[in-house]
Amino acid sequence: MQTKKITAEYIRGFIEGVGTFTFTTSSRGFNKKVKIPTFQLRMNIRDKRLIELIRGHLGLKNRVYVYHYPGTDGAKRGPQVMLIVREIGNLKNIIIPFFYDKLVGYKAAQFNKWLESIGKDSEVPEGFKILYRLHKSGWFSKK
């Protein structure tokens, strides 16, 4: 892939199709499950450079993971690459402002539901609740 500049609009459109606003689950202490707000972009390994370009445009330093999960259903899956952002600072200062009120269709609904879930889900750690409070206060609208 040649090195081309990509635009914010390109990235938002791209994420409309293949990005995800979700939660990752981890264990803390004895039988304590927590849900960490997560932005995720996963694709076939042939698009690794594209994910790296998106990561660079956003100013993220997160690692692009390469993995191969063949699945258990007999389908032939190739290696994949994934960008995962779950650090509160990156979510608050980069991811949420970049996409806030700038998505359309189902991805906009998924994004808004994700923000609401951050505030209302008891399994989300208290430290991440600031993302919801900033959303409700209109702080991201001013960015």
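Right, let's walk through the structure included here. Worth saying up front: this structure is predicted, and the values here are computed from it rather than measured.

A few words now on the overall build of the protein. Counting its secondary structure elements, the protein contains five helices and four strands. Along the chain direction, N to C, the helices and strands of the protein fall in the order α-β-β-α-β-β-α-α-α. Taken over the C-alpha trace, the protein has a radius of gyration of 16 Å; the compact-globule value for 143 residues is 15 Å, and the two agree within 12%. Projected onto the principal axes, the alpha-carbon positions of the protein cover approximately 40 × 40 × 30 Å. Here the protein holds 143 residues, and 41% of them are scored as buried. If you take every contact in the protein between residues at least 6 apart in sequence, the share linking residues at least 24 apart comes to 58%. Of the roughly 8,400 Å² of accessible surface on the protein, a fraction of 51% belongs to carbon and sulfur atoms. The distance from the centre of the 27 positive side-chain charges to the centre of the 11 negative ones in the protein is 4 Å.

What follows is about the environment of Pro37. Checked against the element boundaries, Pro37 lands in strand E2 (residues 33-44). A relative accessible area of 0% places Pro37 in the buried class. Apart from residues lying up to four places away in sequence, Pro37 is in contact with Thr22, Phe23, Val85, Arg86, Leu91, Trp114, Ile118, Val124 and Phe128.

Now for the nonpolar core. By size, the foremost hydrophobic cluster in this structure holds 41 residues, and its most contacted members are Phe21, Ile95, Phe99, Phe111 and Trp114. Elements supplying a minimum of two residues to this core: helix H1 (8-18), strand E1 (19-27), E2, helix H2 (48-58), strand E4 (80-85), helix H3 (88-99), helix H4 (105-120) and helix H5 (129-137). Per-element tally for this core: the top contributor is H3, with six residues. Those residues in contact with Phe21 that sit more than four places away from it in its chain are Ile15, Thr38, Phe39, Ile95, Phe99, Leu103, Lys107, Gln110, Phe111 and Trp114.

Backbone geometry at Asp101 places phi at a positive 55 degrees, although glycine is not the residue there. With respect to the element layout, Asp101 can be found in the loop between H3 and H4. According to the relative accessible area criterion, Asp101 is exposed, its value standing at 61%.

Our focus in this paragraph is H4. Helix length check: H4 (16 residues) gives 23 Å between terminal C-alpha atoms against 22 Å at 1.5 Å per residue, within 8%. Listed in full, the buried residues belonging to H4 are Lys107, Ala108, Gln110, Phe111, Trp114, Leu115 and Ile118. In a view along the axis of H4, the buried residues occupy a sector of 165 degrees, so they form one face of it. Opposite the buried face of H4, by more than 90 degrees, sit the exposed residues Gly105, Tyr106, Lys113 and Lys120. Taken together, the buried residues of H4 touch H1, E1, E2, H3 and H5.

All right, on to H3 then. Since the α-helix turns once every 3.6 residues, residues separated by three or four places project in the same direction. Its twelve residues give H3 an end-to-end C-alpha distance of 15 Å, which sits within 8% of 16 Å, the value for a rise of 1.5 Å per residue. Residues Leu91, Ile94, Ile95, Ile96, Pro97, Phe98 and Phe99 constitute the buried set of H3. The first or second residue beyond H3 is Asp101, which carries a positive phi of 55 degrees.

What counts as what
Residues numbered from 1 in each chain as written. Predicted model: local features only at pLDDT ≥ 70, side-chain atom pairs only at ≥ 80, totals over all residues. Heavy atoms only, no water. Helix = DSSP H or I, 4+ residues; strand = E, 2+ residues; numbered from the N terminus. Rg over C-alpha atoms; globule rule 2.2 N^0.38 Å. Buried < 20%, exposed > 50% of the residue type's maximum accessible area, 1.4 Å probe, protein only. Contact = heavy atoms within 4.5 Å. Areas by Shrake-Rupley, 256 points an atom, 1.4 Å probe, with all protein chains shown as cover. Lys, Arg positive; Asp, Glu negative; His and termini not counted. Charge placed at Lys NZ, Arg CZ, Asp CG, Glu CD. Core = buried A, V, L, I, M, F, W, Y, C linked by side-chain atoms within 4.5 Å. Expected span 1.5 Å × (residues − 1). Arc of directions from axis to C-beta.

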